[in-house]
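# Descriptive analysis of the structure
Here is how the chains run, residue by residue.
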There are 2 protein chains.
Amino acid sequence: MKSAAKAQQAEDSAETGAQQIRDAIREAIVERRLSPGTKLSESDVGNLFNVSRTLARAALQALSYEGLVSVEKNRGAFVAYPSPDEARQIFSARRLVEPGILREAAARITPDDITHLRQLLLEEGRLMSERGQTARRAEIKASGDFHLMLAAISGNSIMQRFMEELVARSSLVIALYGQSTASSCGHSEHGDIISAIEADELDRACQLMLDHIAHIEADLDLRERKSLGLKEAFEL
Amino acid sequence: MKSAAKAQQAEDSAETGAQQIRDAIREAIVERRLSPGTKLSESDVGNLFNVSRTLARAALQALSYEGLVSVEKNRGAFVAYPSPDEARQIFSARRLVEPGILREAAARITPDDITHLRQLLLEEGRLMSERGQTARRAEIKASGDFHLMLAAISGNSIMQRFMEELVARSSLVIALYGQSTASSCGHSEHGDIISAIEADELDRACQLMLDHIAHIEADLDLRERKSLGLKEAFEL
DNA sequence: GTGCAAAACATCGTATACAATCTTGCCACC
DNA sequence: GGTGGCAAGATTGTATACGATGTTTTGCAC
């Protein structure tokens, strides 16, 4: 991992407690160990990680800023439960930025990067064939990592962070509205995109990316769940 | 303000203290009352707003997440001092997303929205001709508001929030590296973009937007300031 | 006079404590 | 029996307190 990717991301290794908790919860959400709508009370989170409410609260507020949890005043924090409209906005945003990211990434990509991308795909394919919850979770993560790696290669850490947010929130949306069992994105499409980049067919790569995002979105059933009483589903 | 714009932004009016402080500081940064590098100690901020360090800290951490302040472990928070590289990334991100936002906005724009945009422009022009610090500050804000309003019209609250971040950070970059006295963006270019939208010449509008961003960037002198001793400039 | 070391200071990191607000369950009253 | 209100519990909002870490200053030795 010393290629054009990850040019940024220097920041001191010593994360300040709250950040560790934030990352842990985020990972749990992205890997769907935490379902949308589950309550994340400050005390519970604090007890779980053996820290005070202060840190738990800080972590939850950070996640709130990323759109992964929603904190309701005087009521508590919950794993975000994106509305169909929100879901559409998330994918609309991805359609908006990912082609651009792809173009920038293609301009700076190194053979090393391509190797790593293909490695990621291999891993992803391996996980897809495996059975079991843990493999499924790892697959979800790997599938998102493809998009994140492109963002990393683009060399723009701002867009990278934005993509991290979008991918994480996409995971929530798919957990909520996804229909097919093939939870994540179509694996082969990732490979096609890489090939198009390698072949320097940039326009085609962008189109493939748009199609790819459209395919993910097409698998969603974005009908409004009863807007009231949505959280009861978890408390029953 | 009841047009296609601001479809979102419902959230309870009762902001939770920390958010008020965050907004106040952000406004101060965007309007350049706070210079890059200025120290924002938790105690000082707390005293200033007559709240405890707890809230001050929360506000600073939120701003840190937006990239407007950088908190250094055990050292304190400072108004962000974007490096030339960061500055380039910010504008690169804007070139990446603003044409897309413009396209979406054009697709949903109402006559009402156009009226408001032109109103904004009028206000901006008026402020440009005025003298004085407060007018200058208002002008800076108005200039950014044009871009933000387009994002609002696009109806995508995620992109809107992202643009808010980018515009705010742009203000910091311009404060640091801007050369011409005409601090903000070229006023007339905003009008040209609106006209192009009205005329349904979408491609031209996008090109104008790209040119516009390029013009802002061209006014910057992105040479590395001595990385050490940057904060002394404010403490002397 | 210069350089290093140690202590004093300032600031952040985290925990705990109390107040405000919302929810829930119970009881009286209609 | 149902409904309204009131009180008890739970949870968040904010403040204060203490410990940890980094910075600066001071004092001593060379």
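Reference entry: report on the structure contained in this document. A quick note: this is a predicted structure, and the numbers were derived from the prediction, not measured. (Residues numbered from 1 in each chain as written. Chains lettered and ligands numbered in written order. Predicted model: local features only at pLDDT ≥ 70, side-chain atom pairs only at ≥ 80, totals over all residues. Heavy atoms only, no water.)

## Concerning the interface of chain A and chain B
Contacts between chain A and chain B engage 28 residues on the former and 28 residues on the latter. Regarding the contact of chain A and chain B, the summed buried area is about 2500 Å², with carbon and sulfur atoms giving 56% of it. It is Tyr65, Leu96 and Ile158 of chain A that lose the most area in chain A upon contact with chain B, and together they represent 29% of the buried surface on that side. Counting across the interface, chain A meets chain B through two salt bridges. At the junction of chain A and chain B, the tally comes to 12 residue pairs in polar contact (both at pLDDT 80 or more). Listed by contribution, the elements that provide at least two residues to the side of chain A that touches chain B are α3 (53-66), α4 (84-108) and α7 (157-177) of chain A. The element contributing the most residues to the side of chain A that touches chain B is α4 of chain A, with 11 residues. (Contact = heavy atoms within 4.5 Å. Buried area = accessible area lost by both parts, 1.4 Å probe. Salt bridge = Lys/Arg side-chain N within 4 Å of Asp/Glu carboxyl O. Polar contact = N/O pair within 3.5 Å; in protein donor to acceptor, adjacent residues only side chain to side chain. Helix = DSSP H or I, 4+ residues; strand = E, 2+ residues; numbered from the N terminus.)

## Regarding the protein's contact with DNA strand C
Residues in close proximity to DNA strand C total 16 residues, the closest being Thr16, Ser52 and Thr54 of chain A together with Arg53 and Arg57 of chain B. In DNA strand C, atoms within 4 Å of the protein come from the sugar-phosphate backbone in 74% of cases. One of the side-chain nitrogen or oxygen atoms of Arg57 of chain B is found 2.4 Å away from a phosphate oxygen of DNA strand C. Counting residues per element, the surface near DNA strand C draws most heavily on α3 of chain A, at three residues. Broken down by class, the residue content of the surface near DNA strand C amounts to two nonpolar, seven polar and seven charged. (Near = heavy atom within 4 Å. Nonpolar A, V, L, I, M, F, W, Y, C, P; charged D, E, K, R; others polar.)

## Points about the sheet that holds strand β3 (residues 76-79) of chain B
Paired through their backbone hydrogen bonds, the strands of a sheet run either parallel or antiparallel. All names here are of chain B. Reading across the sheet, the three strands line up as β1-β3-β2 and stay open at both edges, with antiparallel pairing between neighbours. Pairing within the sheet leaves two strands with one partner each, and these edge strands are β1 (39-40) and β2 (69-72). In this sheet, β3 lies alongside β2 in antiparallel orientation, the contact comprising four bridges. Pairing of Ser70 across the sheet is with Phe78, part of β3. (Pairing = 2+ DSSP bridges.)

## Quick notes on the pattern of salt bridges
All chains considered together, the criterion is met by 40 salt bridges over all chains. For Arg75 of chain B, the salt bridge is made with Glu72 of chain B, and the minimal N-O distance between the two is 3.0 Å. A salt bridge links Glu86 of chain B to Arg169 of chain B, with the nearest nitrogen and oxygen atoms 3.2 Å apart. Separated by 83 residues along the polypeptide, Glu86 of chain B in helix α4 (residues 84-108) and Arg169 of chain B in helix α7 (residues 157-177) bring together distant segments of the chain. Look at the salt bridges and you will find they share partners, linking Arg22, Asp23, Arg26 and Glu66 of chain A into a network.

## Concerning the side chain of His212 of chain B
All names here are of chain B. Mapped onto the fold, His212 is located in helix α9 (residues 202-218). For His212, a relative accessible area of 0% translates into the label buried. A polar contact of 3.1 Å, which involves the side chain of His212, links it to the side chain of His147. (Buried < 20%, exposed > 50% of the residue type's maximum accessible area, 1.4 Å probe, protein only.)

Fair warning: the whole summary comes from geometry, so function is off the table for now.
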